[in-house]
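Understanding the architecture of this molecule
In case you want the letters, here they are:
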Amino acid sequence: MLLLNKEEALARVAAHHVGGPNETFVLNLGPQHPATHGVLRVKLTMDGEYIRKAECVIGYIHRMHEKMGENRTCAQFLPNTSRLDYLSACQYTHAWTGVVERACKIEVPQRAEYIRVITSELNRIASHLVGWGAWVMDLGGLTPILYAFDDREKILDLMEGICGARLTYCYYRVGGVVNDIDDAFIQGAKAFVPYMRERLKMYKDFVTDNVILRKRLEGIGIIDQDMCLRYGACGPVIRGSGIANDTRKTEPYSAYKDFDFDIPVYNECDSMARYLVRMDEMEQSLRIIEQALAKLPEGPFINPKVPKLLKVPAGTYTYATEAGRGRFLVRMVADGSDKPYRVKLRTPCLSNLSLAEEVCEGMILPDAIAFLGSLDLVIPDIDR
Amino acid sequence: MGYFSEIYQGAKSLVIGMRISLDQFLKNFRGDYNTPYPHKTLPIPERYRGHIIFTNDEAGKSLCIACKSCERACPSACILVEGEKKEGEKKKSATLFELNYTTCSLCGACVEVCPTDALTFSKRYNLANTSKAVYAKIDLIKDLENRMQKK
């Protein structure tokens, strides 16, 4: 048997090794990798199992939604808004109708505002369920996503009953909503709240308290407060870093002032904190839905005085909503014609993704997958 | 966490996980949990948004007056309407109504804008064809005629 001491072994390795101990290789994560949840490409420079450098390459599903907004009338842009972040369609449409209502000074009936809050919160729960299920699936747990989709199905059925679509709702209109909610929806939503509370308890036992999940997420992917502020992180990412930033509280829009709810905040800054923020947010959404259903006012569901062809007065207008993944802001520059001069869509996923490059450095590859899942990215939202 | 408490925690979460999985599995045998498509289908909701079709009056004729409101309202320019005033009739009627379903985003702007309620959503959801051209030009006038003949 050939026995070598350390120096001899190293000399042999150096003789046969092309690049020496500093050799790295490039690994493409995506654009078709299922763990990136869409066509995101992360170009990883690897040193063995460790990531030296991560470079996010975006633009594979760019559809120039902003430019489309500049070539269409305000009403014609409505279907586009559901297709940015297809999991937060309600909140995105809300931001667009909100900016047009603010610009044209259109009043929205109180009932419509309540309906918007109820559907937005249902949408948020559905969005978190998908994000949660897909994330746990990335970590190797294949069962929870089936349960999550089972619950999400109930929300989609409710939404389909009132607006006819299951994902790209296009339910809000300038001045209200397209259809009034019916008794079937109200009863269904009332029954859904206690049902979902039971399910959330089950999720806690089943996944949150699971030791494997905790080992994969605790202490992984630390995003400190300074980094959050530098990159403009939002949504559960910033709330998992101890900053209570939620558009529903900081700039209350629609009817959110009327409801009593908390903003879940965790100070750990790791992936587990972001996980817990999302789980708690679902509970808070259920609280809002419960209150809104109890206080649902009577009256019209759409303002009848909205002109058919909206001409937006010249000026700059903004409107922000809290979508499932964070703050979504629309900035519209109008020149007095029926089409906006410029539309800027500030989406949460782009700013949440931009900090990934810094965080991924020095991480081991499976942890990077767990970390990317914690950002809960929706790629059409990044590229838009 | 100590070595033994870690083993205990791991075993506990394993048992809880197995219990919940088994519970959910047994749920399948209770009641109508699954829908065995295509032998059974779920009901389509009243407000379901399929591609647009013509509504009809008692005589089985379309209510369309070829005003082209839907053509102008459509965000994707997927509707093409032509119409003419026939002799002995008060209003115009459509001679051509083509829907390009391949670019339609089912927003419902055309249905909302129609002054005579001539358009409505169909309940068709399981459309399939080997040729894209079939859905690039859906002739709504012919579609209405076919439906009336079937009646």
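Residues numbered from 1 in each chain as written. Chains lettered and ligands numbered in written order. Predicted model: local features only at pLDDT ≥ 70, side-chain atom pairs only at ≥ 80, totals over all residues. Heavy atoms only, no water.

1. Observations regarding the overall build of chain A
To keep it simple, the criterion reads: What counts as a helix is a DSSP run of H or I of at least four residues, what counts as a strand is a run of E of at least two, and both are numbered from the N terminus. Based on C-alpha atoms, the radius of gyration is set beside the globule rule, defined as 2.2 Å times the residue count to the power 0.38. Between buried and exposed lies partly exposed: a residue is buried under 20% and exposed over 50% of the maximum accessible area for its type, with that area taken using a 1.4 Å probe on protein chains only. Whether two residues touch is decided by their heavy atoms; if any such pair falls within 4.5 Å, the residues are in contact. Note on areas: these come from Shrake-Rupley sampling with a 1.4 Å probe, and a residue is covered only by the protein chains present in the view. Positive residues here are Lys and Arg, negative ones are Asp and Glu, while His and the chain termini are left out of the count. Charge placement uses NZ in Lys and CZ in Arg. For Asp and Glu, CG and CD serve respectively.
Helices and strands together make up the secondary structure of chain A, namely 16 helices and 8 strands. Relative to the globule expectation of 21 Å for 384 residues, the C-alpha radius of gyration of chain A, 23 Å, shows essentially globular dimensions. Burial status across chain A gives 57% buried among its 384 residues. Here the analysis covers contacts within chain A between residues at least 6 apart in sequence; of these, 70% occur between residues at least 24 apart. With an accessible surface of roughly 15600 Å², chain A has 56% of that area assigned to carbon and sulfur atoms. Across chain A, the centroid of the 47 positively charged side chains sits 5 Å from that of the 50 negatively charged ones.

2. A look at the domain arrangement of chain B
Here is the rule we go by: Those domain boundaries reflect an automatic or database domain assignment.
Taken domain by domain, chain B consists of domain 1 (1-34) and domain 2 (52-150). The C-alpha centroid of domain 2 of chain B is placed 54 Å from the C-alpha centroid of domain 1 of chain B.

3. A word on unusual backbone geometry
Residue and element names in this part refer to chain B. Backbone torsion omega between Y37 and P38 reads 5°, so that peptide bond is classified as cis. Among the secondary structure elements, P38 is positioned in the loop between α1 (3-27) and β1 (52-54). For A66, which is not glycine, the phi dihedral falls at a positive 55°. Positive phi, close to 55°, is recorded for D117, a residue that is not glycine. Checked against the element boundaries, D117 lands in the loop between α3 (109-113) and β4 (119-121). Residue D117 is classed as exposed on the basis of its relative accessible area, which comes to 52%.

4. Some points on the interface of chain A and chain B
Which entries qualify depends on this criterion: Buried area is understood as the total, over both parts, of accessible area removed when two parts are fitted together, assessed with a 1.4 Å probe. A pair is scored as a salt bridge if a Lys or Arg side-chain nitrogen falls within 4 Å of a carboxyl oxygen belonging to Asp or Glu.
Contact with chain A, which involves 29 residues of that partner, is made by 24 residues of chain B. Buried surface at the junction of chain A and chain B, both sides included, amounts to about 2100 Å², of which 48% is carbon and sulfur. Of all residues in chain A, Q76, F206 and V211 of chain A give up the largest surface area on contact with chain B, accounting jointly for 21% of the area buried on that side. A salt bridge links E112 of chain B to R173 of chain A, with the nearest nitrogen and oxygen atoms 2.5 Å apart.

5. Here we look at the nonpolar core
Soluble, globular proteins show a tendency: their nonpolar side chains are buried together. To keep things clear, this is the line we draw: We call a set of buried residues a nonpolar core when its members are Ala, Val, Leu, Ile, Met, Phe, Trp, Tyr or Cys and they connect through side-chain atoms within 4.5 Å of each other.
In terms of nonpolar packing, the biggest core is built from 87 residues, with W96, V100, I125, Y171, M196, Y203 and Y275 of chain A touching the most fellow members. In this structure Y203 of chain A touches L129, W132, Y147, A148, D151, M196, T208 and M279 of chain A, once residues within four positions along its chain are discounted.

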